[in-house]
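Structural features, examined
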Amino acid sequence: MAEIIFDSRNQFFKTPQGAIKAGTELTFRLLAAKELHPIAVRLIIQYDRHDMPAVYEMNGGMETPAQTDDYLEYFVTFRIHDTGLYWYHFEVLTDDGTL
């Protein structure tokens, strides 16, 4: 079983898809295995024109009907204000450390 599930090409996990215009709202979803006992899940966004990344706390931790009972769903919605390149990754904080 995968500990974390995310697929950037699946609209369940990321909407909208592809390049977006400034001012557009983005939603990211992530599934984390219950056995991880996540304390917090964060989306980290690095913008090519800033030194410091933006950190978004993801909401959720609920069971999701979209998957099996083995996963918890986390999500966050935010707005992209400027054009440019953005990189992202997730952090899952557990009792054993950060994934």
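On a predicted model such as this, the values are computed, not experimentally measured, just so you know.

Moving on, we get to the overall build of the chain. Counting secondary structure elements, the chain contains zero helices and nine strands. Tracing the chain from N to C terminus, the helices and strands come up as β-β-β-β-β-β-β-β-β. Scaling as 2.2 N^0.38, a compact globule of 99 residues should have a C-alpha radius of gyration of about 13 Å, and the chain matches this with 14 Å. Taking the principal axes of the C-alpha coordinates as reference, the chain spans close to 40 × 25 × 20 Å. The buried share among the 99 residues of the chain stands at 29%. For the chain, the accessible surface area stands at approximately 6200 Å², while carbon and sulfur atoms represent 49% of it. The distance from the centre of the 8 positive side-chain charges to the centre of the 15 negative ones in the chain is 12 Å.

Between T15 and P16 the backbone carries a cis peptide bond, its omega angle lying at -5 degrees. With respect to the helices and strands, the residue P16 is situated in the loop between β2 (14-15) and β3 (25-33). Even without glycine at this site, H37 takes up a positive phi of about 50 degrees. Relative to the helices and strands, H37 is located in the loop between β3 and β4 (40-47). Since its relative accessible area comes to 55%, H37 is described here as exposed.

So, about the environment of F13. By the element assignment, F13 lies in the loop between β1 (4-5) and β2. Under the relative-accessibility criterion, F13 is labelled buried at 4%. Along the primary structure F13 and F28 are separated by 15 residues, whereas in three dimensions their C-alpha atoms are 5.4 Å apart. Every residue in contact with F13, bar those within four places of it in the chain, is listed here: I5, F6, D7, T27, F28, R29, L30 and L31.

By size, the foremost hydrophobic cluster in this structure holds 20 residues, and its most contacted members are F28, L30, L43, M58 and F78. Looking at this core, the elements that each hand over two or more residues are β3, β4, β7 (71-79) and β8 (86-94). F78 has contacts with T24, E25, L26, F28, L43, I45 and Y56, leaving out every residue within four places of it along the chain.

Before going further, it helps to examine the confidence of the model for the chain. Confidence along the chain averages 90 in pLDDT terms, with 93% of residues attaining 70 or more. Confidence scores differ between elements of the chain, with strand β6 (residues 59-63) showing the lowest mean pLDDT of 79 and β2 the highest of 96.

Another aspect to go through is the pairing of strand β5 (residues 54-57). As paired elements, β4 and β5 share four bridges and run antiparallel to each other. Bridge assignment links L43 to a residue of β5, and that residue is Y56. Linking two consecutive strands that pair antiparallel, namely β4 and β5, is a turn of six residues.

Next up on the list: the sheet that holds β8. On the basis of which strands lie adjacent, the open sheet formed by four strands has the order β5-β4-β8-β9 and antiparallel pairing. Each edge of the open sheet carries a strand with a single partner, namely β5 and β9 (97-98). One ladder, built from eight bridges, connects β4 with β8; its direction is antiparallel. From the neighbouring strand, Y47 faces β8, where its bridge partner is Y86.

Cut-off values and rules
- Sequence order as written defines the numbering, with residues in each chain counted from 1.
- The predicted origin of the model limits local features to residues at a pLDDT of at least 70 and limits the giving and counting of side-chain atom pairs to 80 or more, whereas totals for whole chains, interfaces and linings rest on all residues.
- In computing side-chain properties, one takes all heavy atoms of the structure into account and sets aside hydrogens as well as water.
- We count a stretch as a helix when DSSP gives it H or I for four or more residues in a row; a strand needs E for two or more, and each element gets its number in order from the N terminus.
- With C-alpha atoms as the basis for the radius of gyration, the globule rule is written as 2.2 Å multiplied by the number of residues raised to the power 0.38.
- For every residue, the accessible area obtained with a 1.4 Å probe (protein chains only) is divided by the maximum for its type, and the residue is called buried under 20%, exposed over 50%, and partly exposed between those limits.
- Note on areas: Shrake-Rupley with a 1.4 Å probe; residue coverage comes only from the protein chains shown.
- Positive charges come from Lys and Arg alone, negative charges from Asp and Glu alone, with His and the N- and C-terminal ends not counted.
- Each charge is placed at NZ for Lys, CZ for Arg, CG for Asp and CD for Glu.
- Here a residue-residue contact requires only that any non-hydrogen atoms of the pair lie within 4.5 Å.
- Definition of nonpolar core: a set of buried residues of the types Ala, Val, Leu, Ile, Met, Phe, Trp, Tyr and Cys, connected through side-chain atoms within 4.5 Å.
- The predictor rates its confidence in each residue with pLDDT, a number between 0 and 100.
- The pairing criterion for strands is at least two bridges between them, as found by DSSP.

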